[in-house]
Amino acid sequence: MVNMYQFPQLIQQEIAIIEQLNRVVAEQSKKLKPGRLIARKRKRGFVYYERDGDAGALDGERVLEIKKYQYFKQLASRLAHDRILLEQMLKKYKPYDPLTINANLPGAYRLTEEDYAQAIAGKRQDRLLKATDDKNFIWVKKPYPKNRYPLPQYPCVANDETPVRSLGEVIIYNLLKQYGIPFRYDCEIELIDEHGNTVHRHPDFIISLADGSLLYWEHVGMIGNEEYGNAFIQKLALYNRNGIVLGDNLIVTANGPNGAINVPAIERLIVNRIVPYIRKVK
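Residues numbered from 1 in each chain as written. Predicted model: local features only at pLDDT ≥ 70, side-chain atom pairs only at ≥ 80, totals over all residues. Heavy atoms only, no water.

Caption draft 1: Structural view of the sheet that holds strand β8 (residues 205–208). Judged by pairing direction, the sheet is mixed, and its 4 strands sit side by side in the order β5-β8-β9-β10 without closing on themselves. Of all strands in the sheet, those with a lone pairing partner are β5 (183–185) and β10 (250–254), marking the two edges. When the angles between neighbouring strand axes are averaged without regard to direction, this sheet yields 20°. Alignment of β5 against β8, held across 3 bridges, turns out to be antiparallel. Note on β8: the bridge partner recorded for R184 is I206. On top of the sheet, helix α7 (residues 226–241) reaches β9 (214–220) and β10; it is set at about 170° to β9, its chief contact. (Pairing = 2+ DSSP bridges. Helix = DSSP H or I, 4+ residues; strand = E, 2+ residues; numbered from the N terminus. Axes fitted to C-alpha atoms, helices over the stretch in contact; angles between N-to-C directions. Contact = heavy atoms within 4.5 Å.)

Have a look at this one:
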């Protein structure tokens, strides 16, 4: 399920990932001596020489160093190209969420704050899903393995008195409950890493859709923290390797500067991009 309302955020996140990779590339490149290779085929493989050099055949360590240097050079070039492309896309993108559309209408057609509040209240009432015995809610009621990592000493507490790990998560938790969305919180899942080993991760929320598929939701609370950000990038790569793909069946939201959280934006995301996939709304 593509969540195009989040397109600008997705692009900004991708740019942030590129910036992080650029820092890694620059750091690694400093450790390598530049060079270019010439390869001569022999019966037992290749013999390598350094282009513009007269030192004779190179040893394996120097060959590997030059190959790494050229790899990082190519990576840096592609990252620079992609960043320019993403920034151009971001400038040209025209949001189509209700608030932006309304703000660009001529004054005579523009909804007032009172009109908009009534519209949202109507959606909330019309689309509120009641817990039933259908397969989605049976799935929710079944026991499931949860994250065994200890909660903070003073956790946030949801409306139903469930302790959760962060302010962003408690907001999402309460809204999902409010709209009757069938979900599991902090559920443990098994994934396969790049070495073929089984590893365990804990998406913040897993939502069961009407067609039987699952939607995963991660809320990033400290994206500005370098260690946290690096770990999250690795988590995204692991998810992608296991078919949990950002913009398809994975939603990522994040705190803004200084931990700011836009609650109405999260509610609109749920109303427009999740509720219709839970049950058809008349």
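More follows now that the structure is in view.
Caption draft 2: The packing of aromatic side chains, seen in detail. What the rule picks out here adds up to 7 aromatic pairs. Ring centres 5.6 Å apart and planes at 75° place the aromatic pair Y71 and F72 in the edge-to-face group. Take Y71: its relative accessible area is 52%, and that puts it in the exposed class. Look at F72 and you get buried, because its relative accessible area is 15%. An angle of 50° between the planes, with centres 5.4 Å apart, marks the rings of Y185 and F205 as tilted. Taken together, the residues span a long stretch of sequence, with Y185 in strand β5 and F205 in strand β8 at a distance of 20 residues. Comparing Y185 with F205, the two get one shared label, buried. Through a chain of ring-to-ring contacts, the aromatic side chains of Y173, F183, Y185, F205 and W217 assemble into a single cluster. (Phe/Tyr/Trp six-rings, centres within 6.5 Å; stacked < 30°, edge-to-face > 60°. Buried < 20%, exposed > 50% of the residue type's maximum accessible area, 1.4 Å probe, protein only.)

Caption draft 3: Just the nonpolar core, in detail. Of all hydrophobic cores here, the largest spans 42 residues; its most connected members are L176, I181, F205, I207, W217, I270 and I274. Sort the elements by how many residues they give to this core and helix α6 (residues 167–178) lands first, with 6 residues. If we ignore the near neighbours within four places in the chain, the residues touching L176 are I181, F183, F205, I207, W217 and I270. (Core = buried A, V, L, I, M, F, W, Y, C linked by side-chain atoms within 4.5 Å.)

Caption draft 4: Up close: unusual backbone geometry. The backbone of E161 sits at a positive phi, close to 75°, despite the residue not being glycine. Tracing the backbone through its elements, the reader meets E161 in the loop between β3 (156–157) and β4 (163–164). The class for E161 is exposed, based on a relative accessible area of 66%. The phi dihedral of D186 is positive, around 55°, even though this residue is not glycine. Inspection of the secondary structure puts D186 in the loop between β5 and β6 (189–192). Overall, the relative accessible area of 7% leaves D186 in the buried class.

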